[in-house]
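Chain by chain, the residues:
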Amino acid sequence: KQEVTQIPAALSVPEGENLVLNCSFTDSAIYNLQWFRQDPGKGLTSLLLIQSSQREQTSGRLNASLDKSSGRSTLYIAASQPGDSATYLCAVHLGDSSYKLIFGSGTRLLVRP
Amino acid sequence: EAGVAQSPRYKIIEKRQSVAFWCNPISGHATLYWYQQILGQGPKLLIQFQNNGVVDDSQLPKDRFSAERLKGVDSTLKIQPAKLEDSAVYLCASSVTSNSPLHFGNGTRLTVT
């Protein structure tokens, strides 16, 4: 059974710091992995999607890496800003007939001005 | 483009009552998902539709939950009767295909007292 774990559960950093959020999964047979952002009272916004054949994806100040063999992904945020404060969730797509996304519990990020 | 629309935004009911949630996906999106997100946890898939057919409902508590997707567009999720543990945010998402990034609505926050 696929399980997704995110560490840390919460993180508080001063503005301008570079930071790394971690995601691990137990079964390396994934189709792709996505990182989402969730603001309080809102739905989820897809940030980056990494196919199983890729090693990383970049969008602006965000960079996500994927190491399938070790069952790990990281989300790197450069030069953090208070507007980055949100919960960040990773999810793996199993690629089976149901195309189910399995989510981690998220990392709650606070960027202090 | 218009996003995924959900209503109502909030709902408070007593246990054993019934409740229904509505979702209008992005136009042209064939795949529609209902997720349940309990406070402090990641979303859990309840049911996935491909057009108007059910692809996966393995985690839907079928004794009390039901869902349908009318003519492959709008969808409703019903709980009857509700239990205290059903208190959660119910998120609807849609995607062009099952391998495309998901677009989430803002969710319906249900409180069962």
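Residues numbered from 1 in each chain as written. Chains lettered and ligands numbered in written order. Predicted model: local features only at pLDDT ≥ 70, side-chain atom pairs only at ≥ 80, totals over all residues. Heavy atoms only, no water.

Asker: Provide a residue-level description of the pattern of salt bridges, including the pertinent values.
Answerer: All names here are of chain B. Under the defined criterion, the tally for this structure stands at 4 salt bridges over all chains. With its nearest N and O atoms 3.7 Å apart, the salt bridge here joins Asp57 to Lys62. Of the residues examined, Asp57 reaches a relative accessible area of 26% and is grouped as partly exposed. Taking the shortest distance from any N to any O, the salt bridge between Asp86 and Arg64 comes out at 2.5 Å. (Salt bridge = Lys/Arg side-chain N within 4 Å of Asp/Glu carboxyl O. Buried < 20%, exposed > 50% of the residue type's maximum accessible area, 1.4 Å probe, protein only.)

Asker: Got a sec to walk through the packing of aromatic side chains? Specific residues and values, please.
Answerer: Enumeration over the complete set of coordinates arrives at 8 aromatic pairs over all chains. Look at Phe36(A) and Phe103(A): their rings are 5.4 Å apart centre to centre, the planes differ by 45°, and that puts the pair in the tilted class. Within this pair, whereas Phe36(A) is found in strand β4 (residues 32–38), its partner Phe103(A) is found in strand β10 (residues 101–103), the two being separated by 67 residues in sequence. Given the relative accessible area of 9%, Phe103(A) is considered buried. Between Phe21(B) and Tyr90(B), the ring centres sit 5.0 Å apart and the planes meet at 25°, which makes this aromatic pair stacked. In this pair, Phe21(B) sits in strand β3 (residues 19–24) while Tyr90(B) sits in strand β9 (residues 88–95), placing the two residues 69 residues apart along the sequence. Since its relative accessible area comes to 0%, Tyr90(B) is described here as buried. An aromatic cluster is defined as three or more aromatic residues linked by ring pairs; in this entry it consists of Phe36(A), Phe103(A), Tyr33(B), Tyr35(B) and Phe104(B). (Phe/Tyr/Trp six-rings, centres within 6.5 Å; stacked < 30°, edge-to-face > 60°. Helix = DSSP H or I, 4+ residues; strand = E, 2+ residues; numbered from the N terminus.)

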